[in-house]
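Fold and contact review
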Amino acid sequence: QVHLVESGGGLVQAGGSLKLSCAASGIVFNMYTMHWYRQAPGKQRELVALITSGGGTNYADSVKGRFTISRDNGKNMVYLQMNSLKPEDTAAYYCNAKSTYLEFWGQGTQVTVSL
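Predicted model, so just to flag it, every value in this text is computed and none were measured.

1. Things to note about the sheet that holds strand S8 (residues 77-82)
- Pairing is antiparallel across the open sheet formed by four strands, whose spatial order is S1-S3-S8-S7. Each having just a single partner strand, strand S1 (3-7) and strand S7 (67-72) make up the two edges of the open sheet. Averaged over all pairs of adjacent strands, the angle between their axes in this sheet comes to 15 degrees, without regard to strand direction.
- Note that strand S3 (residues 18-25) and S8 share six bridges and pair antiparallel. Residue pairing for S8: Cys22 is matched across the bridge by Val78.

2. Comments concerning the state of the cysteines
- Inspection of every chain in the model, using the stated rule, returns one disulfide.
- Covalently, Cys22 is tied to Cys95 through a disulfide, its sulfur atoms 2.1 Å apart. On the sign convention where negative means left-handed, the S-S torsion of about -80 degrees between Cys22 and Cys95 marks this disulfide as left-handed. Here Cys95 lies in strand S9 (residues 91-98) and Cys22 lies in strand S3, a separation of 73 residues in the sequence.

3. As for unusual backbone geometry
- The backbone of Asn76 sits at a positive phi, close to 55 degrees, despite the residue not being glycine.
- For Asn76, the location among the structural elements is in the loop between S7 and S8.
- Even without a glycine there, the phi angle at Ser84 is positive, about 50 degrees.
- Within the element layout of this structure, Ser84 appears in the loop between S8 and S9.

4. A word on the pairing of S9
- The element S9 is largely enclosed, with a buried count of seven among its eight residues.
- Sheet analysis places strand S4 (residues 33-39) next to S9, joined by seven bridges and oriented antiparallel. Residue pairing in the sheet places Tyr37 in a bridge with Tyr94 of S9.
- As defined by bridge partners, S9 adjoins strand S11 (residues 109-114) across three bridges and the pair is classed as antiparallel. Within S11, the position partnered with Ala91 by the bridge is Val111.
- Linking S9 back to strand S10 (residues 103-105) in an antiparallel pair, the connection comprises four residues.

Rules used in this analysis
Residues numbered from 1 in each chain as written. Predicted model: local features only at pLDDT ≥ 70, side-chain atom pairs only at ≥ 80, totals over all residues. Heavy atoms only, no water. Pairing = 2+ DSSP bridges. Helix = DSSP H or I, 4+ residues; strand = E, 2+ residues; numbered from the N terminus. Axes fitted to C-alpha atoms, helices over the stretch in contact; angles between N-to-C directions. Disulfide = S-S within 2.5 Å. Buried < 20%, exposed > 50% of the residue type's maximum accessible area, 1.4 Å probe, protein only.

Laid out in structure tokens, this is it:
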């Protein structure tokens, strides 16, 4: 059974930092591209960042220079370091694992950035 479990969300003031973690189990982790998505109330889910099995990364323009995605294939973990947080970063953040044929989602973790 596949599980993606996010942690690390919370309430932070604007300008602060948070680090999200996603623990994956039940998949051959190094065969998956890992993603972080977010969804704010009333908005569509959007891709924040991705990291390939080889470590290649891509970011949404809105988070470039502030967020860093990383992975530890030995621990089946993916991380999202979020710095210089803004109120508009407030959303539920979801971990996603995608291979050629399969896709899995975590349950999400809430990030709230206050003024």
